[in-house]
Amino acid sequence: MAELMGWGRFPRVEGLELVSEDLEAISRGAILSRGLGRSYGDASLPPQGQGPVASTRLANRLLAFNGDTGVLRAEAGFCLADFNSLFLPLGWASPVTPGTRYVSLGGMVASDVHGKNHHVAGCFGEHVRALRMRVADGRILDVSENQEPELFHATLGGLGLTGHLLEVEFVLEKVPSAWVWAENQQVENFSELIACLREASDTWPMTVAWVDSLSKGDALGRGIVMKGRWARPDQAPSQAPASKSAFSVPLDFPEWVLSKTSVQLFNRAYFCKEGKSGKSGIVHPYAFFYPLDRLQDWNRIYGRRGFIQYQCVIPKQDADEIGKQLLKTLAASDEGSFLSVVKDCGRQGKGMISFPMPGISLAFDVPMRGDSTRALVRKLNEIVLEAGGRIYLAKDALTSAETYRAMDPRWEAWNGVRRQWDPDGKLRSALSVRLFGD
Amino acid sequence: MKVVFLGATKGMGRALAQKMAARGDALVLLGRDAKSLEESAKDLELRGAAGCVHTGLCDLTRSDEFAQAFESAHKVLEGFDCVVVTAGAFDSQDVLEADAAACQRLLDINFTRTILFCEEARKRLLAQGGGKLCVFSSVAGERARKPVILYGSTKAGLTYYLEGLDHKYHALGLEVITVKPGFVNTGMTAGLSPPPFAGEPEGVATVVLAAIDRGRPVVFAPGVWCWVMALIRSLPRAVMRRLNF
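Here's what I pulled together on the structure shown here. Residue indices begin from 1 for each chain and proceed along its sequence in written order. Here every chain gets a letter starting at A, and every ligand a number starting at 1, in the order they are written. For a predicted model such as this one, the threshold for reporting local features is a pLDDT of at least 70, and the threshold for listing and counting side-chain atom pairs is 80 or more; totals across whole chains, interfaces and linings nevertheless cover every residue. Neither water nor hydrogens contribute to the side-chain values; these are computed over all heavy atoms in the structure.

## Description of the overall build of chain A
Thought 1: For chain A, the count of helices and strands is 13 helices and 22 strands.
Thought 2: Taken over the C-alpha trace, chain A has a radius of gyration of 21 Å; the compact-globule value for 438 residues is 22 Å, and the two agree within 12%.
Thought 3: Considering only C-alpha atoms, chain A reaches an extent of 60 × 55 × 45 Å along its principal axes.
Thought 4: In chain A, buried positions account for 61% of the 438 residues.
Thought 5: Nonlocal contacts in chain A, meaning residues at least 24 apart in sequence, comprise 74% of its contacts between residues at least 6 apart.
Thought 6: Accessible surface is estimated by sampling points in the Shrake-Rupley manner with a 1.4 Å probe; for residues, cover comes only from the protein chains shown. Carbon and sulfur atoms make up 52% of the accessible area of chain A, which amounts to about 16500 Å² in all.
Thought 7: Neither His nor the chain ends is counted toward charge; the positive residues are Lys and Arg and the negative residues Asp and Glu. For the purpose of locating charges, the reference atoms are NZ of Lys, CZ of Arg, CG of Asp and CD of Glu. Side chains of chain A give 50 positive and 50 negative charges; the mean places of these two sets differ by 4 Å. By the criteria applied, helices consist of DSSP H or I runs no shorter than four residues and strands consist of E runs no shorter than two, each listed in order from the N terminus. Computation of the radius of gyration draws on C-alpha atoms, with the globule rule given as 2.2 Å multiplied by the number of residues to the power 0.38. Residue burial is assigned from relative accessible area. The probe radius is 1.4 Å, only protein chains are included, and a residue is buried under 20% of its type maximum, exposed over 50%, and partly exposed in between. Note on contacts: a residue pair is in contact if any heavy atoms of the two residues lie within 4.5 Å.

## Thoughts on helix α6 (residues 190-203) of chain A
Thought 1: Helix length check: α6 of chain A, at 14 residues, gives a terminal C-alpha distance of 21 Å against a target of 20 Å (1.5 Å per residue), a fit within 8%.
Thought 2: Pairing of N or O atoms within 3.5 Å defines a polar contact, subject to two protein rules: one partner must be a possible hydrogen donor and the other a possible acceptor, and residues neighboring in sequence count only if both atoms are side-chain atoms. The N-cap residue of α6 of chain A is Asn 189 of chain A: its side-chain oxygen and the backbone nitrogen of Ser 191 of chain A are 3.2 Å apart. Multiplying 1.5 Å by the helix residue count minus one yields the expected span of that helix.

## Some details on the environment of Ala 22 of chain B
Thought 1: Residue position: Ala 22 of chain B is located in helix α1 (residues 11-22).
Thought 2: Along the sequence, Ala 22 of chain B and Gln 68 of chain B sit 46 residues apart, while their C-alpha atoms lie 28 Å from each other.
Thought 3: In this view, Ala 22 of chain B contacts Leu 86 of chain A together with Arg 47 of chain B; residues no more than four positions away in its chain are not counted.

## Some details on the packing of α6 of chain A against helix α9 (residues 319-332) of chain A
Residues and elements named next belong to chain A.
Thought 1: Between N-to-C directions, angles span 0 to 180 degrees; the directions come from axes that are lines fitted to C-alpha atoms, helices contributing only their stretch in contact. α9 packs onto α6 with a crossing angle of 130° between their chain directions and a minimal axis gap of 9 Å. On the basis of the axis angle, α6 is oblique to α9. The chirality of how α6 crosses α9 is right-handed. Of the residues in α9, those touching α6 at Phe 190, Ser 191 and Arg 198 are Ala 319, Asp 320, Gly 323, Lys 324 and Leu 327. Roughly parallel means an angle under 35 degrees; roughly antiparallel means over 145; roughly perpendicular covers 65 to 115; every other angle is labelled oblique. Here is the rule for handedness: rotate from the far helix to the near one, and if that takes an anticlockwise turn smaller than a right angle the crossing is left-handed, while a clockwise turn gives right-handed.

## Looking at the side chain of Arg 34 of chain A
Residues and elements named next belong to chain A.
Thought 1: Mapped onto the fold, Arg 34 is located in strand β4 (residues 32-34).
Thought 2: According to the relative accessible area criterion, Arg 34 is buried, its value standing at 8%.
Thought 3: A polar side-chain atom of Arg 34 sits 2.9 Å from the main-chain carbonyl oxygen of Ser 44.

## Here's the deal with the packing of α1 of chain B against helix α7 (residues 201-214) of chain B
Residues and elements named next belong to chain B.
Thought 1: Packing of α1 against α7 brings their axes to within 8 Å, and their N-to-C directions diverge by 60°. Here α1 lies oblique to α7, going by the angle between them. In this structure, the crossing between α1 and α7 has a hand that is right-handed. Between α1 and α7, the contacting residues are Gly 11, Met 12, Ala 15, Leu 16, Lys 19 and Met 20 on the first element and Pro 201, Glu 202, Val 204, Ala 205, Thr 206, Val 208, Leu 209 and Ile 212 on the second.
Thought 2: Just so you know the grouping, Ala, Val, Leu, Ile, Met, Phe, Trp, Tyr, Cys and Pro go in nonpolar, Asp, Glu, Lys and Arg go in charged, and all remaining residues, Gly too, go in polar. The residue inventory of the contact of α1 with α7, partitioned by class, reads 10 nonpolar, two polar and two charged.

## Examining the interface of chain B and chain A
Thought 1: Each side of the interface is counted separately: chain B has 20 residues, and chain A has 15 residues.
Thought 2: Interface of chain B and chain A: buried area, both sides summed, is about 1400 Å²; carbon and sulfur atoms make up 48% of it.
Thought 3: The term buried area refers to how much accessible surface (probe radius 1.4 Å) is lost by two components on association, counted for both of them together. When the area that chain B buries against chain A is broken down by residue, the three leading residues are Arg 14, Leu 46 and Arg 47 of chain B, summing to 43%.
Thought 4: A pairing counts as a salt bridge when a side-chain nitrogen of Lys or Arg comes within 4 Å of a carboxyl oxygen of Asp or Glu. There are three salt bridges connecting chain B and chain A.
Thought 5: In this structure, Arg 57 of chain A engages Glu 200 of chain B in a salt bridge whose closest nitrogen and oxygen atoms are separated by 3.5 Å.
Thought 6: On the surface where chain B and chain A come into contact, there are 11 residue pairs in polar contact (both at pLDDT 80 or more).
Thought 7: Contributing elements (two or more residues each) for the side of chain B that touches chain A: α1, α2 (34-46) and α7 of chain B.

## Some remarks on the environment of Gly 203 of chain B
Thought 1: Locating Gly 203 of chain B in the fold gives a position in helix α7.
Thought 2: Sequence-wise, Gly 203 of chain B and Cys 52 of chain B are 151 residues apart; in three dimensions their C-alpha atoms are separated by 26 Å.

## Things to note about the pairing of strand β10 (residues 140-144) of chain A
Thought 1: Should DSSP find at least two bridges between two strands, the strands are taken to pair. The pairing of strand β9 (residues 128-134) of chain A with β10 of chain A spans five bridges and is antiparallel. Within β10 of chain A, the position partnered with Leu 131 of chain A by the bridge is Val 143 of chain A.

Take it as geometry only, folks, not as evidence of what the structure does.
Spelled out as structure tokens, the structure:
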């Protein structure tokens, strides 16, 4: 038994993790698979004391690649960081990339991840052609749009609860260079930020905004809108981007380090760094897509008790008003959020319970401080529920079953498919116990 | 670089072979599981290994087959300049103390057979005018410790042998690289609770590949284990008798 936790380091459970290159062997009898543990809350954790869980991280072989069609097949533990260093220099990119490259393919499918290009490319699941998985009765199946399509759609974003992902086949994106042309723009308040994001989404394939979560009054929701596209060969340096050296956080920081004051100072400095005029130019793809990967184990900054990432999406029409309400609620709590991110989402994906829907997504990092944090999440959830929005389960650790089910009625149809394939409830996670009553 | 690799399908060996492939080295994989060898060969080809990655069956317990395995590898690569050995056996001290057969098997594989394999590699490399021999020993061979007495003694013996090779043959062009991994999270250590400074296969592979390129005779991976073991080596016997790590 070992202590298992997600990226937010809350909650922690005792569980047995099986680690082997032979995924077929360890997935037999396991109640859940987990990859690199980059989901924040309890999605990758077994229920306390139950198990075993199968770790996919050593099952990282490439299986097939077609250079004409860009179709790549690999084992579920194949890591996006490996993908980038192997395929970006060849002019191929992942069609969708989340904010860290230390994720496994299996994890990208299970969370149906989205990225800065969601408004044009949708979720990762839309680029998945086929999956090989072990379902609860022990059989190994190939599923796709044509074979067991219902199971396929339930598995995209299905949090690993429909079966163990063994292999993933997806279509790569051909890119003109491995570098990114980016432009940053400072915005003075939240309304301006939303308008700027909306405008940018017409002409830029990649957009995201950082918000100063502790700004107040007229400046509430000020921030920086970041826009990007793959650079043309004549703009980009001729050499492939080298992988950058990373710093790592060597120990759990004491809790006083992250005070409201220190967060405020950081946010102010970050806002001012950009300057009024906005900058544009060639950017290293890792600096653009994965700024936080430079600081390995950055989650330790939040100390032993860990942190919560709260991410929600709210419908477009009320985004301005609701977004401000969420920011005010956050600012009124005792803790500020170091990194608050806003992104406009495009269409809803193929996954039956995938997170995104047309609207504005907001994400905050909040230190876990017990009851006050629970109360804050409850308040934020009330606003989101009222607005017709929903939360991202790959980030969640604190939402109640009642609230989640009210936010996302799609869960029932999804759970029905899940139960068809797993009538005895063999596959489960700490999250499924919390939200689906397993 | 042209590499003959024993143990490339799993753990640190897999990570090292993947790094070699990604920069375009040519590889022949030796091992005892034909299916796994084929799958790794395919993976390494897709990662950029030079040409076709060939495989050959070679079981460490059957030293009479070593010469043939090297012969075939020599043919497909048209000569090679590096031999890597990451294969080895592991069992906990409790299991080995209780089971004489398991104990004999581990002593045989990790010491006798591994050294016989290295002897074959040494002869081949010297016959070609030199080359690199990179062998995975362990920090367990640095100081006798209660949980790894038998495993550690095989690695101590192996380390000793490799040091001797370096002394005798370095002038003749044989570069011996002894790798001493600390605790690394692989299938071999699954189920053990990781100590501080536990490493990942990929990090070890980066350090080891740099050591092979530079011909560094001894490399600890992760590097911090060099200092950890220096400390442990300096502990007096009275302390070692009390400690349980």
